[in-house]
Amino acid sequence: MKRKNILLILTLLLDVSSAKVMAYDALVDGIYYDLYGTTATVTCRYNDDSNKDAYIGHVIIPEKFSYGGKQYSVTSIGYYAFRNCSGLTSITIGNSVTSIGGSAFYGCSGLTSITVDGGNTVYDSRNNCNAIIKKATNTLIVGCKNTIIPNSVTSIGGSAFYGCSGLTSITISNSVTSIGGSAFYGCSGLTSITIPNSVTSIGGSAFYGCSGLTSITISNSVTSIGGSAFYGCTGLTSVTIPNSVTSIGSLAFQNCTSLISITIPNSVTSIGGSAFSGCSGLTSITIPNSVTSIGSYAFSGCTGLTSVTIPNSVASIENGVFAYCKYLLSVTIPNSVTSIGKHAFFNCAYLASIDIPNSVTSIGEGAFCGCSLTDITIPNSVTSIERATFQWCNITNIIIPTSVTSIGESAFNFCSYLTSVMIPNSIKIIGNEAFSNCNRLASFVMCKEEPISINSNVFSSVANTTLYVPKSSKALYSNTEVWKDFKVITEFPTPDANGDGYVDVVDVVDIVRYIVGTSSLPFISVLADLNQDKTLSVADAVLVVKEIVGETNWTRRFNGVSDNRGALTLTCNDDRSLSLCMEDEGQYTAFQFDLMVPEDGDVQMQLNTLRRQGHQLIYNKVGDGHYRVVALSLNNNSFSGQQGEVLNIQLDGLDGRSVTLDNIHFVTLRGTDHRFDALSAFGATTGVQGASAREHGASAVYRLDGTKQKDSQRGVNIMKGKKYIRK
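Residues numbered from 1 in each chain as written. Predicted model: local features only at pLDDT ≥ 70, side-chain atom pairs only at ≥ 80, totals over all residues. Heavy atoms only, no water.

**Student:** Just checking my understanding: could you explain the side chain of serine 410 for this structure?
**Tutor:** With respect to the element layout, serine 410 can be found in the loop between strand S31 (406-407) and strand S32 (420-423). Sequence-distant contacts of serine 410, defined by excluding residues within four places in its chain, comprise Ala388, Gln391, Asn432, Glu433 and Ala434. (Helix = DSSP H or I, 4+ residues; strand = E, 2+ residues; numbered from the N terminus. Contact = heavy atoms within 4.5 Å.)

Written out as C-alpha cells, the structure reads:
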C-alpha cells in the first residue's frame, strides 16, 4: 500500500512539472483575474514568457463583473499582469482600480494608448498624456511609446517604461525631480535623452539596456547616479558627468561597449563596484583627487584602457578593479594606497611594469596573475605574498624583501622567464608550486642560514639551478630534502658576482654597472660584497679582479680598510675643465666618485692616455646634474707613470658656478678602499691632504683624443672648446 502511494505522488509531480502553471482563478471577457472574496485583481495567464499573447488589441478593465453567480469589484492590476504582451495596443482602466503592481505593463512594446476613467480617485491620464499618473504624488507610474509627460508630474516611477522598446524619444519636463529605478529599463529604441535641471537623482537601472541610446545630457542638479543606471547602453559613446554628482553607483555604466570617453568631475567621491566594467571602447580615464573609494571590478574588462592614474585620495585598490584590462600599459599607484586587492590587475596581459609604493602592506591573491611584468620591486612594507600573486608573469628576477614571512601557493608559478630569486632570512613558509614551471631559473639565493621545510612540488626542476646559501650553510642544505636536489650549492659572498658559474671580467663589469646604476642584477650587492662592509663598491670589484688574475684563492674573507691616506690635486682650468691628479698614483688601481654640476651643465670625461694602463672609464648620469664615475683596470694595473693628470673632465655652461665631488673612493692594488671627504672645485674645505687648485694658461691645447699638448700641432687642435687647424 505504501509503495502504491509513493508511485501515485510521483506521477502527480510529473504531471504538474510537465504542464504550464496556470496563474489565474477566472477568465471573464478575455481578462484573467485572481479572486479575493468580493474583489478581483487583473493578472497574467501564465507565469512565463508564453503570456505574450494573453492580451491583444484594445483591453477595457471594467469596474465590476460577475463570475460563478457572484459579483466582483476590480480593485487592482497585479505584478506583471500584461507581461510581454506585445500585441496589446491600448488599454482603458476603470474607476474602481486603486492599485497597480510593479512592471504590470513590462514589455508591452506595441502599447500606444493609455486611458484612465475620469472617475478614478487614485489615478489619472491627465491632458491625454497616454500614461498612468498617481494623483497623490504626481508620479508617472506607467507610460507607453506615445506618452507625453505633463508639466505637473514630479517624478517618474520605478519601471514606468519598463521594456517599452517602441519608445524612441521622450521629453522629461522641468517639474520632474527624480527618475525611479528601472524607469526606462530595456527601452532599446530610445536614442537620446535630456535630463532637466530639476532632476536630482537617477535611480538604479533607470536606463538599463537602452542599447539605442547614443547620447545623454545629465543636468547639474543630479547628485547621484544609481547602480546599473546605464548598464548595457551599448550605443552610448560619451558621457559628461556634471560636477554636482558625488557618487557613481555599482554597474552604472557596465558593458557600455561603445563608450570611448567619460569625464568624472572633482565632486565625485566614490565609484561603485563594476561601474565601468566591460567598457571595452574606453581608452583613457581621469580619476579626480576627490575620489576616495573605487569599488571592486570598477574598470574590469576595459580592454581598450591603456593607462590610468590612481589619485592620492584612494587608500585601497579593491578586488579585480582592473582585471582583464588587456592593453593596460601603465598604472600610477600613489603613496596613499595601503592595499591591493585580489585579482586587482588579473590578466592585464600587456602590463610590463608597475611601481608599488612603500605604503602598500598587502597584495591580494592573484593580484598580478597573467601580467607581462618583467620587473617588479616588492616594497619592504609587504608582509606576505599571496597565492598566485605573480603567476604567469614575465619577471626575470625578484628580490623578496625582509618584511615578507610567507610566499603563497603558485606565487610565481609559470614565470617562465624567471632566472634569479633572492629569499630573505625572514621567510618561514614557501607554499606548494610557488616556483613551479620556472624553467629558466638559474640562481636561487637563500639568505636563511638554516633551510626551511618545503614540499617537493615547490620547484618543477632544479637540475640546472645554482643554490646560493650563507657561508657555512652548505652542509645543512646539502643534507635537507628538496634543497639537496639543486645542481650546485654555493656559499656567498662569492666573486661569481652575477651567479653565472664563472669568475671573469663580466663579474667586474656587472659590479661596476651596479655602482653606476645600470645593473639589472638585483641581488649582486649581496653575492659580491666580498669585503663584507654591506656596500658594493669598486673595492669589491678590485677583489674580483684579483681573483681573475690569480692573485687570490677564494678561501678567506677580504677586509676593506678606510684610512684617508694619500693625496690628490684638483685643478680648475680657465677653459672650464677639471683635472684629477694623483700623488703616488702607482699604488691605486681604481677610483670612483660622484660629480655634482648645475643641472644645465654639460659634462664630457676622458682618461689621460699616458695614465691608462688598461683602465676603463665608466660614468653614468644618475640624476639631474649628478654623475657617478668609475675607473678601474680589468688587469688590476695601477695608474702608473709620472705624477700628474689622470682624468680630464670637460665642463660647459657653468658660468662660474660651483662643482662638487663627493663619495670619493680610491682602491689600492691590495684591494684597500681609501675613502675621502667631499671637496669643491672652488676653495671649499675638503679634508683631503694636499688638495689644491691652480689656474692653467688660457692657451691650453688638446688633440681630438683629449690628450693635452704643450702647444698646437699640425692638424686639428682644440682650444677653448673649439676646433682649429694648424697647417
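**Student:** Got a minute to help me understand the packing of aromatic side chains in this structure?
**Tutor:** The description of an aromatic ring pair rests on the distance of the ring centres and on the angle between the ring planes. Taken as a whole and judged by the stated rule, the model has 35 aromatic pairs. Centre to centre, the rings of tyrosine 80 and tyrosine 106 are 6.2 Å apart; their planes meet at 85°, and the pair counts as edge-to-face. Here tyrosine 80, found in the loop between strand S6 (70-77) and strand S7 (88-93), pairs with tyrosine 106, found in the loop between strand S8 (99-100) and strand S9 (113-116); they are 26 residues apart in sequence, far enough to count as distant. With relative accessibility at 34%, the residue tyrosine 80 sits in the partly exposed group. The interplanar angle of 80° and the centroid separation of 5.4 Å between the aromatic rings of phenylalanine 459 and phenylalanine 486 together place this pair among those described as edge-to-face. With phenylalanine 459 in the loop between strand S34 (443-446) and strand S35 (466-470) and phenylalanine 486 in the loop between helix H2 (474-478) and strand S36 (488-492), this pair connects stretches of sequence that are 27 residues apart. Under the relative-accessibility criterion, phenylalanine 459 is labelled buried at 7%. (Phe/Tyr/Trp six-rings, centres within 6.5 Å; stacked < 30°, edge-to-face > 60°. Buried < 20%, exposed > 50% of the residue type's maximum accessible area, 1.4 Å probe, protein only.)

**Student:** Hey, could you run me through the state of the cysteines in this one?
**Tutor:** Note on terminology: disulfide describes a covalent bond linking the sulfur atoms of two cysteines. The tally for this structure, following the rule as stated, stands at zero disulfides. The thiol sulfur of cysteine 144 is not disulfide-bonded, and the nearest other cysteine sulfur, from cysteine 164, lies at 6.4 Å. Using a relative accessible area of 1% as the deciding quantity, one classes cysteine 144 as buried. Cysteine 187 forms no disulfide, and the closest cysteine sulfur to it belongs to cysteine 210, at a distance of 5.1 Å. (Disulfide = S-S within 2.5 Å.)

**Student:** Even after reading the chapter, I still don't get the sheet that holds S7, so can you show me in this structure?
**Tutor:** Here three strands make up an open sheet; going across it, the order is S4-S7-S9 and the pairing parallel. Looking at the sheet topology across the chains shown, the edges are occupied by strand S4 (57-61) and S9. Within the sheet, the average angular offset between the axes of one strand and its neighbour, ignoring direction, is 10°. (Pairing = 2+ DSSP bridges. Axes fitted to C-alpha atoms, helices over the stretch in contact; angles between N-to-C directions.)

**Student:** I keep staring at the packing of helix H3 (residues 505-515) against helix H5 (residues 538-548) and nothing clicks. Help me out?
**Tutor:** As a packed pair, H3 and H5 sit with axes 9 Å apart at the nearest point and diverge in direction by 175°. One element, H3, and the other, H5, form an angle in the roughly antiparallel class. For the pair H3 and H5, contact is made by Val505, Asp507, Val508, Ile511 and Ile515 and by Val538, Asp540, Ala541, Val544, Val545 and Ile548, respectively. Split by residue class, the contact of H3 with H5 holds nine nonpolar, no polar and two charged. (Parallel < 35°, antiparallel > 145°, perpendicular 65-115°, else oblique. Nonpolar A, V, L, I, M, F, W, Y, C, P; charged D, E, K, R; others polar.)

**Student:** I tried to follow the environment of threonine 383 on my own but got confused; where do I start?
**Tutor:** By the secondary structure assignment, threonine 383 is in the loop between strand S28 (362-363) and strand S29 (384-385). For threonine 383, a relative accessible area of 42% corresponds to the partly exposed category. Along the sequence, threonine 383 and serine 403 sit 20 residues apart, while their C-alpha atoms lie 5.2 Å from each other. Contacts of threonine 383, omitting those with residues within four sequence positions, involve Thr361, Ser403, Val404, Thr405 and Ser406.

Honestly, it's all geometry; don't read function into it.
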